[in-house]
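# Observations on the three-dimensional arrangement
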Amino acid sequence: MCDFPAVVELNVGGVHYATSLDTLKSEDGSLLQELFRGTTLDVPRDSQGRFFIDRDGSLFRFVLDYLREPSKFKMPTEFRERELLRKEAEYFRLNGLVEAATKAPGCIIIGYRGSFQFGRDGLADVKFRKITRLLVHGRVAICREVFGDTLNESRDPDHGGPDRYTARFFLKHVFIEQAFDMLQENGFRCIGSCGSGTAGSVTENLKPGVDSEENRWNHYNEFVFVRD
Amino acid sequence: MCDFPAVVELNVGGVHYATSLDTLKSEDGSLLQELFRGTTLDVPRDSQGRFFIDRDGSLFRFVLDYLREPSKFKMPTEFRERELLRKEAEYFRLNGLVEAATKAPGCIIIGYRGSFQFGRDGLADVKFRKITRLLVHGRVAICREVFGDTLNESRDPDHGGPDRYTARFFLKHVFIEQAFDMLQENGFRCIGSCGSGTAGSVTENLKPGVDSEENRWNHYNEFVFVRD
Amino acid sequence: MCDFPAVVELNVGGVHYATSLDTLKSEDGSLLQELFRGTTLDVPRDSQGRFFIDRDGSLFRFVLDYLREPSKFKMPTEFRERELLRKEAEYFRLNGLVEAATKAPGCIIIGYRGSFQFGRDGLADVKFRKITRLLVHGRVAICREVFGDTLNESRDPDHGGPDRYTARFFLKHVFIEQAFDMLQENGFRCIGSCGSGTAGSVTENLKPGVDSEENRWNHYNEFVFVRD
Amino acid sequence: MCDFPAVVELNVGGVHYATSLDTLKSEDGSLLQELFRGTTLDVPRDSQGRFFIDRDGSLFRFVLDYLREPSKFKMPTEFRERELLRKEAEYFRLNGLVEAATKAPGCIIIGYRGSFQFGRDGLADVKFRKITRLLVHGRVAICREVFGDTLNESRDPDHGGPDRYTARFFLKHVFIEQAFDMLQENGFRCIGSCGSGTAGSVTENLKPGVDSEENRWNHYNEFVFVRD
Amino acid sequence: MCDFPAVVELNVGGVHYATSLDTLKSEDGSLLQELFRGTTLDVPRDSQGRFFIDRDGSLFRFVLDYLREPSKFKMPTEFRERELLRKEAEYFRLNGLVEAATKAPGCIIIGYRGSFQFGRDGLADVKFRKITRLLVHGRVAICREVFGDTLNESRDPDHGGPDRYTARFFLKHVFIEQAFDMLQENGFRCIGSCGSGTAGSVTENLKPGVDSEENRWNHYNEFVFVRD
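### Concerning the overall build of chain A
A count of helical and extended segments in chain A gives 8 helices and 9 strands. Taking 17 Å as the expected radius of gyration for a compact globule of 228 residues, we find that chain A reaches 27 Å, considerably beyond that expectation. Expressed as lengths along the three principal axes of its C-alpha atoms, the size of chain A is roughly 90 × 40 × 25 Å. Out of the 228 residues in chain A, the part that is buried amounts to 61%. Contacts in chain A between residues far apart in sequence, at least 24 positions, make up 65% of those at least 6 positions apart. As presented, chain A carries roughly 8900 Å² of accessible surface, and 49% of it is formed by carbon and sulfur atoms.

Quick look at the structure:
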């Protein structure tokens with residue numbers, strides 16, 4: 001009647017869970033620690049004797065996952081219930097979980113003007129892609145969060161807060177795949193992509209180092225990423 | 001036999017839930033308040049003594065989520081059963097939940113004609129995107145709901161109701177990402193995207209301020225968003 | 001031993017459901033009415049006394065949803081198990097549910113040739129999209145089902161049945177978003193989209209009312225929709 | 001202690017199922033027939049007396065679905081666990097289910113060069129799409145499986161087995177939608193689509209029957225389909 | 001009180017499983033072997049006598065799947081919880097499962113410059129695609145993992161580790177579908193695709209073997225694949 005058992009059986013909104021008492025009490029300042037460091041008289045029970053918590057039964061799975069190994073917590077890829085989970089985390093006063101479930105939503109567009117390398121060596125038949133700049137567009141704070149040190153902000157003098165949108169960032173490298181890897185690691189997914197060629201080849205007055213074939217193949221590809 | 005227990009165990013269409021009596025009775029005018037403010041004799045039970053409700057067992061999870069914190073209610077991202085949930089909400093007479101589950105479906109297309117800035121400064125190798133207008137197409141009421149104050153309706157004189165479709169709206173800014181953020185916040189997702197370049201560069205009679213390179217890179221990109 | 005209880009507990013393939021006897025018997029001619037209007041001796045039971053039905057346990061959720069409110073029945077958006085549900089509906093002889101779960105699968109492609117309006121008024125900087133025709137391609141019966149009165153069939157004389165494919169339908173209006181709304185309402189989703197520009201601007205012999213800018217921006221965008 | 005009950009309750013890896021004994025024994029040569037035609041002493045039980053099977057609990061749903069109506073068996077659309085199900089089917093020696101769950105994965109690309117019909121009749125403003133060939137690319141065996149009689153192999157002389165890849169198939173008709181319907185029926189879904197226009201209109205020496213407008217609108221659209 | 005039963009019932013974080021003792025103990029060095037080769041006194045129980053494990057209840061399904069047939073283990077297609085599963089595998093010290101759940105995430109872009117074969121034979125109306133190179137872009141180690149022997153690295157001398165990104169790989173064949181099959185087999189999915197044509201046809205000084213039609217139809221298509 002006083003002490004909680006080592007294995008605590010819970011009824012969370014109708015879904016049954018089981019966990020160790022140590023796990024439940026592990027996070028300082030949390031509601032669960034507060035509830036389960038007292039006596040069993042303080043926690044209501046269901047008709048089978050399980051300790052009852054009046055919260056979403058489905059998401060409590062992730063609350064327990066978090067409590068077992070806070071530093072290793074992961075949500076599923078493209079998790080559809082992140083915002084619902086944050087609400088639970090706030091209720092249970094689990095700061096680390098609140099933080100993990102609080103990714104600012106947002107949109108980043110990556111665009112590049114590209115072509116191919118022609119005639120640079122004797123192997124005329126092997127032509128690789130040629131990209132001058134990877135352009136980054138979106139809210140300043142999110143672009144910085146995703147690209148960190150690889151972001152070149154030199155052309156976007158800081159007039160305005162990080163909540164403003166910019167179209168004047170680019171990356172310090174030209175590897176699209178590296179940019180996409182960083183977006184993926186930060187929870188973004190691609191929702192759209194557009195390509196377009198250019199009009200009217202320039203056959204005269206070409207800049208030095210650009211031949212007419214390279215000019216013909218100019219294209220602009222743009223990829224839209226969002227985080228839910 | 002008369003008073004409901006503090007922890008109420010429910011059998012909703014075969015799925016078991018548990019919640020506090022206070023939660024169940026919290027919304028004035030709701031069917032659940034009506035049912036559970038009386039005596040236990042008024043509510044049928046299953047063979048285990050759980051109070052029985054003859055409704056969809058799976059969606060009742062969200063009914064409880066709503067009742068616990070009505071003002072914080074959230075559905076999962078891209079929720080596939082929103083229309084089914086609305087039906088439950090109507091049955092239980094939960095006005096706030098009906099409203100939350102009633103987003104008008106619809107399609108909005110964002111298009112823009114773009115190019116790149118060339119030769120505006122000494123740094124000829126850094127060229128950012130250049131967009132003149134973000135065009136917005138769709139039903140008038142939905143466009144207004146999503147874009148609010150950022151919508152420019154000046155070219156769409158109000159001849160006809162908000163249910164008509166228009167192709168004459170544009171935004172007051174040119175940040176695609178801001179437009180996409182607002183669409184995302186309103187439950188829209190991108191289902192398609194198309195890009196196209198232009199034909200035949202104009203090399204003569206260019207307008208002042210437009211050089212031939214900018215002209216060559218003209219393109220039209222269009223993004224289709226829907227809400228389920 | 002004879003009469004069914006008011007709250008009937010079911011074991012459908014291992015999944016437990018509960019519903020009212022009235023709901024179970026509500027549809028005339030159905031197998032469930034036949035089973036449950038007799039005596040309890042006619043229905044096998046599991047070891048806990050639940051009435052046993054040897055069918056898919058997961059999909060029976062929708063069978064009950066249907067029986068509670070047949071006229072309001074809805075499936076989830078982009079429901080992956082529609083064909084499986086139809087099989088259940090047929091087994092239980094629920095005609096309305098069979099019908100709801102029987103959408104003919106199929107593909108519809110919407111294409112349009114577009115450009116922008118230039119120079120039509122004094123506000124030269126505001127240019128809206130210009131579309132001449134929304135083309136509709138697919139099986140005749142499905143195109144008619146989706147677009148109804150908004151479909152122009154005048155160029156597709158009826159030589160052949162509704163099962164043939166046609167590329168000669170177009171819509172009576174030019175609002176892409178309205179077409180996409182109708183596709184969405186009929187359970188179609190977009191699976192692909194392509195855009196392309198045109199080659200070689202025509203600078204001479206332009207038709208009256210078409211200036212060279214409009215000609216440069218000509219593009220063809222095409223959207224593929226399917227229903228599962 | 002000897003005979004199985006008519007309603008058999010199962011514990012499959014922790015998930016509870018119920019089915020009729022007839023269903024369990026229905027497929028000749030299957031492991032379930034072998035297990036359940038003996039006496040109850042041959043099958044282990046869990047602590048509640050349910051017959052125990054040490055296999056995946058979640059997928060057994062489809063094993064039962066199959067046994068109830070083998071000839072009508074369907075998997076969910078875009079089923080993510082097809083390969084896992086095949087493993088179960090092999091374990092239970094259910095040949096029909098193995099076959100249903102064994103679709104060879106693979107990629108098929110459909111491409112077409114298209115334009116529009118111009119000037120063929122007096123109604124100059126109605127222009128429909130014009131496609132010469134629907135090209136089919138992929139592994140020979142899969143292309144044949146999907147397109148059957150509608151596949152034209154005349155340009156791909158059979159030098160090599162059906163496992164080789166080919167880019168020399170095309171269809172006997174030009175209805176994209178029919179091709180996509182057949183891909184859908186065979187479990188393929190579209191994962192990408194690309195469009196591109198052509199360069200430099202040809203204004204002289206046009207072939208008979210091709211006017212310069214048709215030439216300007218030439219485009220190549222390509223759609224990638226895969227089966228999981 | 002000492003020996004485990006042949007059928008072991010488990011409560012894993014609240015979810016009930018059942019498996020054979022042999023399965024549980026099958027992997028040498030695993031935590032489960034360690035736990036279940038002792039006596040029942042070493043494993044905590046829940047109130048129903050089930051052996052209790054304080055881990056994620058949902059993912060334990062795959063732990064059992066793995067233990068039953070380690071060499072045949074498969075995850076669902078596009079599995080959203082792979083990283084969560086790896087955490088469980090590490091906890092249970094199941095090396096094979098750790099490995100199966102440890103696919104390095106990453107992005108690979110496949111691009112090709114293509115056109116069509118014209119005028120090569122008497123059948124002028126049949127024109128197939130023509131691709132010179134399938135370009136492969138991404139991190140070196142991942143490209144090698146996916147494409148193995150079919151990868152041509154001759155133009156990418158190994159200056160730097162396998163973690164660097166490269167844009168100088170191409171394939172030894174030109175079958176896009178074969179490349180996509182290999183990506184699919186390795187758990188990649190397509191997230192975006194872009195197409196673009198070329199500018200300004202070259203009508204003079206064409207290289208031998210390239211006619212002007214082939215030149216007009218030049219296009220660059222690019223497909224982005226990621227692995228979660």
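### Re the pairing of strand β2 (residues 15-20) of chain B
Residues and elements named next belong to chain B. The pairing of strand β1 (residues 7-12) with β2 spans 6 bridges and is antiparallel. Counted as the bridge partner of Val8 is Thr19 from β2. In textbook terms, the turn of a hairpin is the stretch between consecutive antiparallel strands, and for β1 and β2 this stretch comprises 2 residues, one of which, Gly13, has a positive phi near 60°.

### Digging into the domain arrangement of chain A
Taken domain by domain, chain A holds domain 1 (7-102) and domain 2 (106-227). For domain 1 of chain A and domain 2 of chain A, the distance between their C-alpha centres works out to 44 Å.

### Considerations on the relation of the copies chain E and chain A
Overlay of chain E on chain A (RMSD 0.0 Å): rotation 72°, translation along the axis 0.0 Å. The superposition of one copy onto the other is thereby described by a five-fold rotation axis.

### Description of the nonpolar core
Residues A:Phe36, B:Phe36, C:Phe36, D:Phe36 and E:Phe36 are the most contacted members of the largest nonpolar core, which totals 155 residues. Discounting residues that sit within four places of it in the chain, B:Phe36 has contacts with B:Phe4, B:Val8, B:Leu10, B:Leu21, B:Leu24, B:Lys25, B:Val43, B:Phe51 and B:Ile53.

### Concerning the packing of aromatic side chains
The final tally for this structure, using the stated rule, is 70 aromatic pairs over all chains. Here the aromatic rings of A:Phe116 and E:Tyr220 are separated by 4.7 Å at their centres, their planes lie at 75°, and the arrangement is edge-to-face. One end of the pair, A:Phe116, is in strand β4 (residues 106-116); the other, E:Tyr220, is in strand β9 (residues 219-227), on a second chain. Judged by its relative accessible area of 0%, A:Phe116 falls in the buried class. A ring pair is formed by B:Phe170 and C:Phe128, whose centres lie 6.2 Å apart and whose planes are at 45°; its orientation type is tilted. Taken together, the positions of B:Phe170 in strand β7 (residues 165-171) and C:Phe128 in the loop between β4 (106-116) and β5 (129-139) put the pair across two chains. You'll find B:Phe170 and C:Phe128 in the same group, each marked buried. Over the aromatic face of B:Tyr91 sits the side chain of B:Arg55, whose NZ or CZ is 3.9 Å from the ring centroid. Here the guanidinium or amino end of C:Arg113 rests over the ring plane of D:Trp217, the centre of that ring lying 4.8 Å away.

### A word on the interface of chain E and chain D
How big an interface is tends to be reported as the loss of accessible area on association of its parts. At the junction of the two partners, chain E supplies 57 residues and chain D supplies 58 residues. Contact between chain E and chain D buries roughly 4800 Å² in total, counting both sides, with carbon and sulfur atoms accounting for 52%. Of all residues in chain E, E:Phe128, E:Arg216 and E:Trp217 give up the largest surface area on contact with chain D, accounting jointly for 15% of the area buried on that side. Linking chain E with chain D are 7 salt bridges. Here E:Arg68 and D:Asp54 are joined by a salt bridge, their closest N and O atoms 3.0 Å apart. The residue inventory of the side of chain E that touches chain D, partitioned by class, reads 23 nonpolar, 17 polar and 17 charged.

### Details of helix α3 (residues 60-68) of chain B
With 9 of 9 residues buried, α3(B) is to be regarded as a mostly interior element. Every buried residue of α3(B) is listed here: B:Phe60, B:Arg61, B:Phe62, B:Val63, B:Leu64, B:Asp65, B:Tyr66, B:Leu67 and B:Arg68.

### Some words on the interface of chain E and chain A
Taken together, the contacts link 58 residues of chain E with 57 residues of chain A. Across the chain E to chain A interface the summed buried area is about 4900 Å²; carbon plus sulfur atoms make up 52%. Of all residues in chain E, E:Arg113, E:Arg155 and E:Tyr165 bury the most surface against chain A, accounting for 15% of the area lost on that side. Our enumeration of links across chain E and chain A arrives at 7 salt bridges. With a closest N to O distance of 3.2 Å, E:Arg189 and A:Glu78 form a salt bridge. Our enumeration of links across chain E and chain A arrives at 25 residue pairs in polar contact (both at pLDDT 80 or more). At the level of elements, α4 (82-92), β4 (106-116), β5 (129-139), β7 (165-171), β8 (189-197) and β9 of chain E are the ones that each hand at least two residues to the side of chain E that touches chain A. The dominant element in the side of chain E that touches chain A, judged by the number of residues it contributes, is β8(E), at 8 residues. Class assignment of the residues belonging to the side of chain E that touches chain A gives a composition of 19 nonpolar, 20 polar and 19 charged.

### Thoughts on the sheet that holds strand β9 (residues 219-227) of chain C
Residues and elements named next belong to chain C. In spatial order, the strands read β6-β7-β5-β4-β9-β8; together these 6 strands make up an open sheet with antiparallel pairing. Either end of the sheet is taken by a strand with one partner, and the two such strands are β6 (151-152) and β8 (189-197). Pairing analysis gives 8 bridges linking β8 to β9, with the strands arranged antiparallel. By the bridge assignment for β9, Gly192 is matched with Val224.

### Some points on the state of the cysteines
Across all of its chains, the model carries 0 disulfides over all chains by this definition. Unpaired in this structure, D:Cys143 has its nearest cysteine sulfur neighbour in D:Cys107, at a distance of 9.4 Å. No disulfide involves D:Cys190; its sulfur sits 8.1 Å from that of C:Cys194, the nearest cysteine.

### Considering the relation of the copies chain E and chain D
Note on the identical chains: chain E maps onto chain D by a rotation of 72° and an axial translation of 0.0 Å, with an RMSD of 0.0 Å. When the interface residues of chain E are mapped onto chain D, a mere 18% of them again fall at the interface, so the copies present different faces.

### A short note on helix α6 (residues 140-147) of chain B
Spacing of three or four residues puts side chains on the same side of an α-helix, whose turn is 3.6 residues. Residues and elements named next belong to chain B. Turning to α6, its buried residues number three or more, namely Val140, Ile142, Cys143, Val146 and Phe147. Along α6, the residues classed as buried sweep out an arc of 165° about the axis, all on the same side. Elements that come into contact with the buried residues of α6 comprise β4 (106-116), β5 (129-139), β6 (151-152), β7 and α7 (176-185). One or two steps after α6, the chain reaches Gly148, where phi turns positive at roughly 45°.

### Points about the sheet that holds β1(B)
All names here are of chain B. A sheet is described by the order of its strands in space; here 3 strands give the open sequence β2-β1-β3, paired in mixed fashion. Each edge of the sheet is formed by a strand with only one pairing partner; in this case those strands are β2 and β3 (51-53). Across the sheet, the mean angle from the axis of one strand to that of its neighbour is 35°, orientation sign disregarded. Contacts between α3 and the sheet are confined to β1, β2 and β3, with β2 contributing the most and set at about 5° to the helix.

### Overview of the pattern of salt bridges
What the rule picks out here adds up to 100 salt bridges over all chains. Its salt-bridge partner being A:Arg61, residue E:Glu81 comes within 2.6 Å of it at the nearest N-O pair. Here E:Glu81, found in the loop between α3 (60-68) and α4, pairs with A:Arg61, found in helix α3 (residues 60-68), and the two come from separate chains.

### Some thoughts on the arrangement of the chains
Regarding chain B and chain D, the two do not touch, and the least distance separating their C-alpha atoms is 8 Å. These two, chain C and chain E, are apart from each other, with no contact and a minimum C-alpha gap of 8 Å.

### What about the environment of D:Gly197?
Mapped onto the elements, D:Gly197 comes out in strand β8 (residues 189-197). Judged by its relative accessible area of 11%, D:Gly197 falls in the buried class. It is 9.8 Å that separates the C-alpha atoms of D:Gly197 and D:Ser115, two residues lying 82 residues apart in sequence. Once you skip the residues sitting within four places of it in the chain, D:Gly197 turns out to touch C:Ser196, C:Gly197, D:Asn218, D:His219 and E:Gly197.

### Quick look at unusual backbone geometry
Non-glycine residue A:Arg93 carries a positive phi angle of around 55°. For A:Arg93, a relative accessible area of 35% corresponds to the partly exposed category.

### Things to note about the confidence of the model for chain A
Here chain A averages 89 in pLDDT, and 91% of its residues register 70 or above. Reported for the predicted complex are a pTM of 0.88 and an ipTM of 0.82.

The rules we used
- Residues numbered from 1 in each chain as written.
- Chains lettered and ligands numbered in written order.
- Predicted model: local features only at pLDDT ≥ 70, side-chain atom pairs only at ≥ 80, totals over all residues.
- Heavy atoms only, no water.
- Helix = DSSP H or I, 4+ residues; strand = E, 2+ residues; numbered from the N terminus.
- Rg over C-alpha atoms; globule rule 2.2 N^0.38 Å.
- Buried < 20%, exposed > 50% of the residue type's maximum accessible area, 1.4 Å probe, protein only.
- Contact = heavy atoms within 4.5 Å.
- Areas by Shrake-Rupley, 256 points an atom, 1.4 Å probe, with all protein chains shown as cover.
- Pairing = 2+ DSSP bridges.
- Domains from an automatic or database assignment.
- Least-squares fit on C-alpha atoms with pLDDT ≥ 70 in both.
- Core = buried A, V, L, I, M, F, W, Y, C linked by side-chain atoms within 4.5 Å.
- Phe/Tyr/Trp six-rings, centres within 6.5 Å; stacked < 30°, edge-to-face > 60°.
- Lys NZ or Arg CZ within 6 Å of the ring centre and 35° of its normal.
- Buried area = accessible area lost by both parts, 1.4 Å probe.
- Salt bridge = Lys/Arg side-chain N within 4 Å of Asp/Glu carboxyl O.
- Nonpolar A, V, L, I, M, F, W, Y, C, P; charged D, E, K, R; others polar.
- Polar contact = N/O pair within 3.5 Å; in protein donor to acceptor, adjacent residues only side chain to side chain.
- Disulfide = S-S within 2.5 Å.
- Arc of directions from axis to C-beta.
- Axes fitted to C-alpha atoms, helices over the stretch in contact; angles between N-to-C directions.
- pLDDT = per-residue confidence, 0-100.

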